[in-house]
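# Descriptive analysis of the structure
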Amino acid sequence: MKTPLGVVLAAMLAMPLGAVAVDAVPPAQFADPERRAKLAGALPRIEALMLRGFKDLNVPGLSYAVVIDGDVVLARGLGEANVATKTPVTEGTAFRIASMTKSFTALAVLKLRDAGKLSLDDPAARHVPELRGWLPATSDAGPITIRHLLAHSGGLPEDNPQGDRQLALTRPQFSAWISGAVPLANAPGSRFEYSNLGYVLLGRVISNVALRPYQQYIRDEILRPLGMTNTYWSAAAVPADQLAQGHRRKDKGFEIEPLLEDGEGGAMGGLITTPRDLARFVGAMLAAWPPRDAAEGPPALRRTLREMQLGQGLPDLWLGRRLPGGPAAAVASSYGFGLQASTDCRWGRQVDHSGGLPGFGSLMLWLPDHGVGVITMSNLTYTSGGRLLTEAVHLLHATGALQPRRAVAAAALEQAAVSATDLVLDWSDARAQALAADNLFLDRPLPEFREAIRGAADGLGRCTRGALTPENALRGRQRLSCEQGWLDIELTLAPVPGPRVQSFAITSGRSPAACVQADRRRHRPGRGKRRAGTGPCAGRRPQQHGRRAGNHAQRLRQLRGWNGAGGQRHEPGEAEAGV
């Protein structure tokens, strides 16, 4: 079907002056069509896990939810919302989520940025006049910016648990506090230090810029668009039979922890919500991935939601066990905008935030590249659900379906893979030059390149093109299945109109059965003594010819033996020749 000329001209005229049309990056996709059903198979085990966890934690009440691809597939309540009235916890019980409120405050600031009302690099004092009298931390320090406050790098001292008691501040009280001398612990932008006060300041920024209380702005611009109709700022607004009362331990039981009032400090921890409502927020965060061409949905631009989920500072690196007795895992972690972002060697990217106040403890966690999230809420002071959520993810993984989305090749990479296969199977100098970027035959002369290609395929018999496994839209591995083994072609396209290949490497190998048969024929009795390290399947020393990516990502692939999207290592009888 041809596109009408008028449509093409209209699209060109709509481009910014100087813009050049490029092919869209195809979105990553889940490979298993049965993935959702397989993941759902873990839900009964997750229910049993949460029941055991509720008993082990010894809390008055616990609620939880599981999200898959934005849908709430499981939500339950356990125990009592109030030990005095014996009100049961249900999936509709509303808990104070404490510091998880910071995620909503950060999103409100970013929405104002997207609307052109502020810049993240604005000094906070531009929007909060009371800060104009603050002296710099050091003579060489710059001002505290909105970006600093979002990422907890404003230099303010860590204030747990002092900040927990500031929810009910009035506007005049807070103005009087920040108009005075507030001590700093670090120079702004120099290091991470968690600050409740920083997020209360962001609440003031929202109120001043939006010209309405931050509670109203967040309700109008985030909660309502997401359909979070059972989310509140004030406990007095929650129906009595739906409110989780906070508790603290006393002797062998629990006693009521008085609920904190809503006020100026709520921007750092005041929201009260249900697991189903919070799951809508988690679902929106998951729906921001992968980047794609599609209509935008609430509550913000997808790129803004992704921005929140990326670490902003130098990550901390640590080695530990998520579960007692479990395997050790290396984790790199840093704070984003109202969210904690980490990467580990099991799940890859993970995003989470906890919440703790007198009477409550909660946690939300999701895996953006896997499309799943888990939430727990409890009504006991500072209770952590971290172990429960980690075990829930392990149960999802045990189904075999918790796999990340896979990259999809751009049309240019598909075309290059076909051309590269043709070269390997039937060499042509003219086709090679048409495919090569300007560096390829400077890095290695074409005659040597040609002979290396032929040498890699020698003795493998007839080969046919198999699957293309992209690492990203413009880099991937093309497998050729041969009568006596296989050939893998790794391609990286250059950032020029193309397709033009800047890196071309071949890995060749024989199947184990072919290796054994060929080795036996080579060393039949009467043919002399076999020498170690010889024969058609003896490993050849890997060679690097031409440039690959030449960057940190390439070195990581080499360290983990990258051989395609599955992260597979080299196979028996395999030898590599980069060309």
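Quick look at the structure, then. (Residues numbered from 1 in each chain as written. Predicted model: local features only at pLDDT ≥ 70, side-chain atom pairs only at ≥ 80, totals over all residues. Heavy atoms only, no water.)

The next subject is the pairing of strand S14 (residues 463–472). Walk down a regular strand and you will see the side chains alternate between the two sheet faces. In this sheet, strand S15 (residues 475–482) lies alongside S14 in antiparallel orientation, the contact comprising seven bridges. Bridge pairing in S15 places Arg-465 opposite Leu-480. Once S14 ends, the chain turns through two residues before running back antiparallel as S15. (Pairing = 2+ DSSP bridges. Helix = DSSP H or I, 4+ residues; strand = E, 2+ residues; numbered from the N terminus.)

Moving on: the pairing of strand S16 (residues 485–493). Across the nine residues that make up S16, a large majority, nine, are buried. Side-chain alternation along S16 places Gly-485, Leu-487, Ile-489, Leu-491 and Leu-493 on one buried face and Trp-486, Asp-488, Glu-490 and Thr-492 on a second face that is also buried. Here S15 pairs with S16 via eight bridges, running antiparallel. Looking across to S16, one finds that Gly-476 is bridged to Leu-491. Pairing of S16 with strand S17 (residues 501–510) involves nine bridges; the strand directions are antiparallel. If you follow Ile-489 over to S17, its bridge partner there is Ile-506. (Buried < 20%, exposed > 50% of the residue type's maximum accessible area, 1.4 Å probe, protein only.)

According to the stated counting rule, one finds one disulfide in the structure shown. Residue pairing for Cys-463: its cysteine sulfur links by disulfide to Cys-482, the two sulfurs lying 2.0 Å apart. In this structure the cystine formed by Cys-463 and Cys-482 twists about its S-S bond by roughly 105°; its chirality is therefore right-handed. Taken as a pair, Cys-463 in strand S14 and Cys-482 in strand S15 lie far apart in primary sequence, 19 residues in all. Residue Cys-463 shares its accessibility class with Cys-482, and that shared class is buried. (Disulfide = S-S within 2.5 Å.)

Another aspect to go through is the side chain of Ser-508. Counting through the fold element by element, Ser-508 comes out in strand S17. Separated by 3.4 Å, the side chain of Ser-508 and the backbone oxygen of Ala-456 make a polar contact. (Polar contact = N/O pair within 3.5 Å; in protein donor to acceptor, adjacent residues only side chain to side chain.)

Once that is clear, we can look at the nonpolar core. Burial of nonpolar side chains together is a common tendency in soluble globular proteins. Core analysis: the biggest nonpolar cluster contains 79 residues, and Phe-104, Leu-150, Leu-201, Leu-278, Phe-281, Met-308 and Met-364 have the highest contact counts within it. In terms of residues, this core owes the most to one element, helix H7 (residues 196–210), which gives nine residues. Not counting residues up to four positions away in its chain, the partners in contact with Phe-281 are Ser-103, Phe-104, Leu-107, Leu-226, Met-228 and Met-364. Listed in part, the 30 residues of the second largest apolar core include Ala-409, Ala-412, Ala-432 and Leu-468. (Core = buried A, V, L, I, M, F, W, Y, C linked by side-chain atoms within 4.5 Å. Contact = heavy atoms within 4.5 Å.)

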